[in-house]
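If you want the building blocks of each chain, they are given just below.
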Amino acid sequence: MDDGLAKHSALRNAQIAPIGARLRKRRKELKLTLQDVADGAGFSVGFISQIERGITVPSLTSLVAVCHVLKVDIASFLGQPKAVAPVTRHEQRPVYALGGEPGRAVSYERLSAAFPGNVLRSTLIHEPPGYRSEPMAHEGEEIFFVVEGALTLEVDGEQMILEAGDSAHFPSMRTHATWNHTTQPTTVFHTCTMDVFGDGTPSGSAETSLFVSKALNRRSAPKKLKISKGNRK
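Residues numbered from 1 in each chain as written. Predicted model: local features only at pLDDT ≥ 70, side-chain atom pairs only at ≥ 80, totals over all residues. Heavy atoms only, no water.

1. Observations concerning the overall build of the protein
Within the protein one finds 6 helices and 11 strands. Every one of the 233 residues in the protein was classed for burial, and the buried ones make up 41%. Considering only contacts in the protein between residues 6 or more positions apart, those separated by 24 or more positions represent 70%. Here the protein displays about 12,900 Å² of accessible surface, and carbon together with sulfur accounts for 54% of that area. (Helix = DSSP H or I, 4+ residues; strand = E, 2+ residues; numbered from the N terminus. Buried < 20%, exposed > 50% of the residue type's maximum accessible area, 1.4 Å probe, protein only. Contact = heavy atoms within 4.5 Å. Areas by Shrake-Rupley, 256 points an atom, 1.4 Å probe, with all protein chains shown as cover.)

2. Considering the environment of isoleucine 48
Structurally, isoleucine 48 can be placed in helix α4 (residues 45-52). When the C-alpha atoms of isoleucine 48 and arginine 24 are compared, they prove to be 9.4 Å apart, with 24 residues separating the residues in sequence. Excluding its chain neighbours within four sequence positions, the residues that come into contact with isoleucine 48 are Leu34, Val37, Ala38, Phe43 and Val66.

3. Focus: the sheet that holds strand β9 (residues 176-179)
Spatially, β7-β6-β9 is the arrangement adopted by the 3 strands of the open sheet, whose pairing is antiparallel. A strand with exactly one partner marks an edge of an open sheet, and here the two such strands are β7 (158-163) and β9. Looking at each pair of strands side by side, their axes are set apart by 25° on average, direction ignored. Pairing analysis gives 4 bridges linking strand β6 (residues 150-155) to β9, with the strands arranged antiparallel. (Pairing = 2+ DSSP bridges. Axes fitted to C-alpha atoms, helices over the stretch in contact; angles between N-to-C directions.)

4. Some remarks on the sheet that holds strand β10 (residues 186-192)
Read across the open sheet, the 6 strands follow the order β2-β3-β4-β10-β5-β8; overall the sheet is antiparallel. The outermost strands of the open sheet, each flanked by one partner alone, are β2 (95-97) and β8 (167-171). Averaged over neighbouring strand pairs, the angle between their axes works out to 25° when direction is ignored.

5. Comments concerning unusual backbone geometry
For lysine 71, which is not a glycine, the phi torsion comes out positive at approximately 55°. Here lysine 71 lies in the loop between α5 (60-70) and α6 (75-78). In this model, aspartate 156 sits at a positive phi of 50°, which is unusual for a non-glycine residue. Its location among the elements puts aspartate 156 in the loop between β6 and β7. The partly exposed category is assigned to aspartate 156, whose relative accessible area is 45%.

6. Some details on the pattern of salt bridges
The full count for this structure, using the stated rule, is 5 salt bridges. Note that glutamate 29 and arginine 26 form a salt bridge whose closest N and O atoms lie 3.4 Å from each other. Pair noted here: glutamate 29 and arginine 26 are both in helix α2 (residues 19-29), with a separation of 3 residues, about one helical turn. Glutamate 29 gets classed as partly exposed once you look at its relative accessible area, which sits at 47%. (Salt bridge = Lys/Arg side-chain N within 4 Å of Asp/Glu carboxyl O.)

7. Quick word on the side chain of serine 122
With respect to the helices, strands and loops of the structure, serine 122 is situated in strand β4 (residues 121-127). Judged by relative accessible area, which is 10%, serine 122 ranks as buried. For serine 122, the residues in contact, after removing those within four places along its chain, are Glu109, Arg110, Leu111, Ser112, Phe189, His190, Thr191 and Phe197.

8. Some remarks on the packing of helix α3 (residues 34-41) against α5
The relative placement of two packed helices comes down to the angle between their axes together with the axis-to-axis distance. Axis separation between α3 and α5 bottoms out at 9 Å; the angle between their running directions is 120°. As judged from the angle between their axes, α3 and α5 are oblique. Along this stretch, α3 crosses α5, giving a crossing that reads as right-handed. The segment α3 lies against α5, with Asp36, Val37, Gly40 and Ala41 engaging Ala65, Val66, Val69 and Leu70. Taken together, the residues that form the contact of α3 with α5 break down as 6 nonpolar, 1 polar and 1 charged. (Parallel < 35°, antiparallel > 145°, perpendicular 65-115°, else oblique. Left-handed = near helix turned anticlockwise from the far one by under 90°. Nonpolar A, V, L, I, M, F, W, Y, C, P; charged D, E, K, R; others polar.)

Pasting the structure below:
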């Protein structure tokens, strides 16, 4: 992540209130036990307890699962407007962070838009050295493409190392987790069919929607593409 994105991420980390206390308050409002939430979200009681106590910061997909059980909107934890502009610049792209120590927390850059009928949600995930996600399984499918660095991906107990340029595509119902086993940050392009943004009812038109994300200063950035009306898909 470049300096601008790092500062942006750190700022958002400072602005976002601890999610653990909010999740605990909501759980008690619904009169649910830790076991109820753990069973509903597919995690251990210990993991849910660690989130509530601020010991663990969940991944974006894990938070979605917990929010689903607690019947709360994931978007309320992100503090980020919907992606509606046709083009985003790399230094202006929305950056999500769920807490944690600045510089050592996972952050996300939103790449995909919301429009009627869309099923793909894409982000750039920046994982700090040593970060491990919690194992989880859910409906849908997903793709991991390592942009920079390396990542250990575990699917149903089988570990594989993905390096820059490597990718993996699998049904999300298979239990999966990631681990940045390196000493450097890793950037992953991630696409899934799980609603990780909490957009609600999509706006716009499926016939005219086009979301282009510019990466002017990224390493090995592709040349600008010219899209004419005749070949736009």
